[in-house]
Amino acid sequence: MSKNITTLINHKDKTRRSDKTLQAIQRVGQAVNLAVGRFVTVGEAIANENWDLKEEINIACLEAKQAGETIAELTDVTSLNNAECDGQITIFTDKTGVIKAARLLLSSVTKVLLLADRIVIKQIITSRNKVLATMEQLESVGSFQEFVQIFSQFGNEMVEFAHLTGDRQNDLKDEKKKAEMAAARAVLEKCTMMLLTASKTCLRHPNCESARKNKGGVFHRMKLALEQVIEIVTDCRPNGENEISSISIYAGIKEFKMTIEALRENLYFQSKENLSTMLKFILEHTEDFTDSAYTSHEHRECILELSNQIKIELQHLVSVWMQAQSKKTKNIMEDLELAILKINQSINEFKKELHNAATLLATDLLKHHADHGILKALKITGVEGNLEALAEYACKLSEQKEQLIETCRLLRHISGTEPLEITCMHAEETFQVTGQQIISAAETLTLHPSSKIAKENLDVFCEAWESQISDMSTLLREINDVFEGKRGEKRAYLSLPKPVKNNTNLKPFKPTKLDSEEQAKIAKLGLKLRLLTSDVNCEIEKWKNQENEIVRHGQNMSSMAYSIYLFTRGEGLLKSTQDLIYQIEVFATEGLKLASVLQGFSKQLKDDDKLLLLLEINKLIPLCQQLQLTAKAPIQNKVFTKVDKCILKTRFVLTTLTQLLPVCYKLMHKCKSENDCINSLQPWMEGRWQTVTTKDNMDEKTVEAFGVRSLEHNIANLTFLENK
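Rules used throughout
- Residues numbered from 1 in each chain as written.
- Predicted model: local features only at pLDDT ≥ 70, side-chain atom pairs only at ≥ 80, totals over all residues.
- Heavy atoms only, no water.
- Helix = DSSP H or I, 4+ residues; strand = E, 2+ residues; numbered from the N terminus.
- Buried < 20%, exposed > 50% of the residue type's maximum accessible area, 1.4 Å probe, protein only.
- Contact = heavy atoms within 4.5 Å.
- Phe/Tyr/Trp six-rings, centres within 6.5 Å; stacked < 30°, edge-to-face > 60°.
- Lys NZ or Arg CZ within 6 Å of the ring centre and 35° of its normal.
- Axes fitted to C-alpha atoms, helices over the stretch in contact; angles between N-to-C directions.
- Parallel < 35°, antiparallel > 145°, perpendicular 65-115°, else oblique.
- Nonpolar A, V, L, I, M, F, W, Y, C, P; charged D, E, K, R; others polar.
- Patch = residues over 30% accessible without salt bridge, like charges linked within 9 Å, V, L, I, M, F, W, Y side chains within 5 Å.
- Areas by Shrake-Rupley, 256 points an atom, 1.4 Å probe, with all protein chains shown as cover.
- Salt bridge = Lys/Arg side-chain N within 4 Å of Asp/Glu carboxyl O.
- Lys, Arg positive; Asp, Glu negative; His and termini not counted.
- Charge placed at Lys NZ, Arg CZ, Asp CG, Glu CD.

Asks: Any chance you could break down the side chain of Glu616 for me, citing the residues and the numbers?
Replies: Along the chain, Glu616 turns up in helix α19 (residues 607-632). A residue is classified by how much of its surface remains accessible, and Glu616, at 11% relative accessible area, is buried. In this structure Glu616 touches Gln659, Leu660 and Val663, once residues within four positions along its chain are discounted.

Right, here's the structure in full:
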């Protein structure tokens, strides 16, 4: 709409006007009026559902409608020729009228949008209040039967709240607020299951102090998360509190470098004291690294050495800078440029050393705790009722928790972006809280070793811990991407395949809304999908060559599965069930691409190894083909049934992938170490699209279907989801 209005206002007045020009002007005017009509229809529907703002919205809609009609009238110029019709007022005779109408239109549209935004905020607050009220009932419930009844209501209210906040999160333009909303919603999602098992445990063992403590912790954390959502939505904090400003080292370095480089343009806009203060801030926060017990001696020494070097170079820069202010000669300006370049180089080395120190610590820590040995020991200890062993392993978990919290703090300093800083803070808080809750849950089980519900409760908290460890692995990879300049690249596989006319496989179906029971089931499937993507990512990280074809297809499948998981939460780029089915088709295609590449690789292996790999490939291919058939099949009964089957079969494919990747890694490593297929590695990669498959696997049409053209469709269709 805004582009069309701009076109009308900016058109050039010409003495001679062709029929083509006149028709174009009329089409633009009609397009504006039609767009306004659709907008007004939606606005009036919103007004009818919200009586308190109905009058204001209707007035704004009426203004918009009148402005649209005025623009249409002024652009009705097809009857004109070189001479103006007698008395007819048009865009050529009254351009001011078009400008006035355009201003009125934009003003009234803005009013409607602002009023609609108020309604959305009100809906979220109302939904939050309902959730809080039900939580208070759950907190004080006395019988198991009553709890089940109220929790059912609570589940429905949480689903509604999740959808409202998910839509709001997608609408947010501020990336920092979007990250804060995602963190708060993640807490609510994980805590919902914790609330269920913690409450059941407390009802089963009402006199157990550790069970009450465990339950109270969950309720408290959920209330804080609900409050955080409202703060983000309303953009205000209680008691006029200010938002915590960024205190990361990277943020300080960025500002420091910008100030130094600005000296090239202006020698007088900053004081030397200001530069010294900036550097002091950076070096003070560097103490988080140098004082940490987990930073290696080598990294600590290097960080301290670079800190001193930057201090010395700043003193030299300030000296040359002062000289340049008093005497601006060519030689002095060259010295200033050299001083700026030298200190920038030292800062970059300093930044790299901090990054290496934090990421190496995080990598080692994640590897060390990958088997979750302490959690397993706590579960065994609980079932055995061994209080002495519980104290020992609780102490070990507390040590692990402190290590993880410290690592999250260091990662926050080198995260590189505000959203990643928020994610680091969320991870730090999650480890802090969940660690204490695991210990209290383990204590309850140890006191009641035969209690099935206490065991289930401990399992849920341990799963939350494992999930956060997995999320930390993803966070580490994203931080590395930012550092290497990869952040922000758009991936073609995140888009949907381009719908083609007359293609029966891509027939659109009516958007449908799932009921609460269906949403709960889909959400549960999605959570399992999320855990599997974490497993796939862990396997992929083992590969040194991240450009390897096997790795690339594995990453693509993992990313698409993650977007499907986001759909189950009401988030991400997939907005409808139709989007989801399209994405699942692309996922299945990607699996077949991987199978094609692996068949080429198998030809380079010895007989036993080749047989081992082919057995795994032959598990993957039928699953991908079944998934394709399920996705393409017409809907018989309910859309939910098809969605349910598709997500379930996607999970089967992903499970097979988690088993296949370790086999590939082992065989690739063996192949390279034996040096018997290194020279022939390039040919099978180059010829992967020419691989001929057997009738039992894929036909030639299937191979062609997921060749380069499919990729072009994806790239061309990147805007499809973004514009929905």
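Asks: Go over the packing of aromatic side chains, please, and point to the residues and values.
Replies: Taken as a whole and assessed by the stated rule, the structure comprises five aromatic pairs. Note on Phe144 and Phe147: the rings are 6.4 Å apart at their centroids and 35 degrees apart in plane angle, and the pair reads as tilted. Taken together, the residues span about one helical turn, with Phe144 and Phe147 both in helix α5 (residues 144-171) at a distance of three residues. Plain terms: the ring middles of Tyr562 and Tyr565 are 5.5 Å apart, the flat faces sit at 45 degrees to each other, and that makes the pair tilted. On the criterion of helical spacing, the pair formed by Tyr562 and Tyr565 is a turn pair, its members being three residues apart in helix α17 (residues 549-568). Feature note: the residues Phe144, Phe147, Phe151 and Phe154 constitute an aromatic cluster, connected by ring pairs. Sitting over the face of the ring of Tyr250, Lys351 holds its NZ or CZ atom 4.8 Å from the ring centroid.

Asks: Describe unusual backbone geometry, and please don't skip the residues or the numbers.
Replies: The backbone phi angle of His372 is positive, close to 55 degrees, even though this residue is not glycine. Summarising the element assignment, His372 is placed in the loop between α11 (330-368) and α12 (373-384).

Asks: A description of the environment of Leu605 should follow, citing residues and the corresponding values.
Replies: Along the chain, the position of Leu605 falls in the loop between α18 (577-602) and α19. Classification of Leu605 as buried rests on a relative accessible area of 12%. Spatially, the C-alpha atoms of Leu605 and Lys670 are 9.7 Å apart, while their sequence positions differ by 65 residues. Apart from the residues within four sequence positions on either side, Leu605 is in contact with Lys610, Leu613, Leu667 and Cys671.

Asks: Describe the packing of α12 against helix α15 (residues 452-483), and please don't skip the residues or the numbers.
Replies: Axis separation between α12 and α15 bottoms out at 11 Å; the angle between their running directions is 175 degrees. Taken together, the axes of α12 and α15 are roughly antiparallel relative to one another. Here Leu375, Leu378, Lys379 and Val383 of α12 come into contact with α15, specifically with Lys455, Leu458, Asp459, Cys462, Trp465 and Glu466. Partitioning the contact of α12 with α15 into residue classes produces six nonpolar, no polar and four charged.

Asks: Quick one: what's the story with a negative patch on the surface, residue by residue and with numbers?
Replies: Residues Glu284, Glu287, Asp288 and Asp291 make up a contiguous surface patch of negative charge. The topology assignment puts Asp288 in helix α9 (residues 272-290). Taking the relative accessible area as the measure of exposure, Asp288 reaches 33% and is therefore partly exposed.

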